[in-house]
Amino acid sequence: MPRFSLAAALVVAGALSAHAQTNPSQETAAPAPVPAAPATLDNSLRPTFVAQQPDEMVTSKLIGLSIQNGANETIGTVADLVLDPQFSVKSYVVGVGGFLGIGTKYVSIAREAVTITRVDDKTLKAVIQTDRDQLRAAPEYVYLGQPQPDRTGSTAKP
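The text that follows walks through the structure, step by step, so that each part is easy to find. (Residues numbered from 1 in each chain as written. Predicted model: local features only at pLDDT ≥ 70, side-chain atom pairs only at ≥ 80, totals over all residues. Heavy atoms only, no water.)

### A look at the overall build of the protein chain
Moving on, step 1. Counting its regular elements, the protein chain contains three helices and six strands.
Moving on, step 2. Relative to its 158 residues, the protein chain shows a buried fraction of 21%.
Moving on, step 3. For the protein chain, restricting intrachain contacts to residue pairs at least 6 apart in sequence, the fraction spanning at least 24 positions comes to 38%.
Moving on, step 4. When the accessible area of the protein chain is evaluated, it comes to approximately 12,200 Å², of which 59% is carbon and sulfur surface. (Helix = DSSP H or I, 4+ residues; strand = E, 2+ residues; numbered from the N terminus. Buried < 20%, exposed > 50% of the residue type's maximum accessible area, 1.4 Å probe, protein only. Contact = heavy atoms within 4.5 Å. Areas by Shrake-Rupley, 256 points an atom, 1.4 Å probe, with all protein chains shown as cover.)

Here it is, written out as structure tokens:
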């Protein structure tokens, strides 16, 4: 019989506890639900997508572009672009001389000295008013962190 009394006491205690939790006089008011709104970006956070305009050029078309002189002789090839801190083209690194990249010397030519024009939708033309000998005589361009060229040959393009 003591077991039955203990079990009955536990059932009554559990029922009172459950009743106390659901008693409306003891409940606190729940906050009102907030209506959902779709997530949106502020206009200042939206990415800007642009399309290439007819008067714009992409660097992938400049790298490897042959540079010609006024007599339409190819005197070098654009190997790289040097950008200033605002990411504007500062100069063109041009490979001169050599054969198939062996013995090629790289010089940096100011952007203003090279005229690049669009021949058609797919073709660009680069012209500089100088000759191959003047480019060969120009100081060699050295990339930051690269060793200075030895005077018996030239540095390899990075």
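### Concerning the sheet that holds strand S6 (residues 124–128)
Moving on, step 1. On the basis of which strands lie adjacent, the open sheet formed by six strands has the order S4-S3-S2-S1-S6-S5 and mixed pairing. Edge positions in the open sheet fall to strand S4 (105–110) and strand S5 (114–118), since each of these has one partner strand only. Between one strand axis and the next, the sheet turns by 40° as a mean value, whatever way the strands run.
Moving on, step 2. The pairing of strand S1 (residues 66–68) with S6 spans two bridges and is parallel. Counted as the bridge partner of Ile-67 is Ala-126 from S6. (Pairing = 2+ DSSP bridges. Axes fitted to C-alpha atoms, helices over the stretch in contact; angles between N-to-C directions.)

### Some thoughts on the packing of aromatic side chains
Moving on, step 1. Following the criterion strictly, the structure yields one aromatic pair and no others.
Moving on, step 2. Seen from their ring centres, Tyr-141 and Tyr-143 are 5.0 Å apart, and the 85° between their planes marks the pair as edge-to-face.
Moving on, step 3. Judged by its relative accessible area of 17%, Tyr-143 falls in the buried class. (Phe/Tyr/Trp six-rings, centres within 6.5 Å; stacked < 30°, edge-to-face > 60°.)

### Considering the nonpolar core
Moving on, step 1. Of all hydrophobic cores here, the largest spans 17 residues; its most connected members are Tyr-92 and Ile-116.
Moving on, step 2. For this core, the secondary structure elements donating two or more residues are strand S2 (74–83), strand S3 (89–96), S4, S5 and S6.
Moving on, step 3. Filtering out sequence-adjacent residues up to four positions away, Ile-116 remains in contact with Met-57, Leu-62, Leu-65, Tyr-92, Leu-124, Lys-125 and Ala-126.
Moving on, step 4. Of all hydrophobic cores here, the second largest spans five residues; its members include Ala-79, Val-82, Tyr-106 and Tyr-143. (Core = buried A, V, L, I, M, F, W, Y, C linked by side-chain atoms within 4.5 Å.)

### Focus: the side chain of Ser-91
Moving on, step 1. Considering the arrangement of structural elements, one finds Ser-91 in strand S3.
Moving on, step 2. Within the local environment of Ser-91, its side chain forms a polar contact with the side chain of Ser-108, the two groups lying 2.7 Å apart.
Moving on, step 3. Leave out the neighbours within four places in its chain, and Ser-91 touches Leu-81, Val-82, Ser-108, Ile-109, Ala-110 and Arg-111. (Polar contact = N/O pair within 3.5 Å; in protein donor to acceptor, adjacent residues only side chain to side chain.)

### Some thoughts on the environment of Ala-137
Moving on, step 1. Here Ala-137 lies in helix H3 (residues 132–137).
Moving on, step 2. Given the relative accessible area of 66%, Ala-137 is considered exposed.

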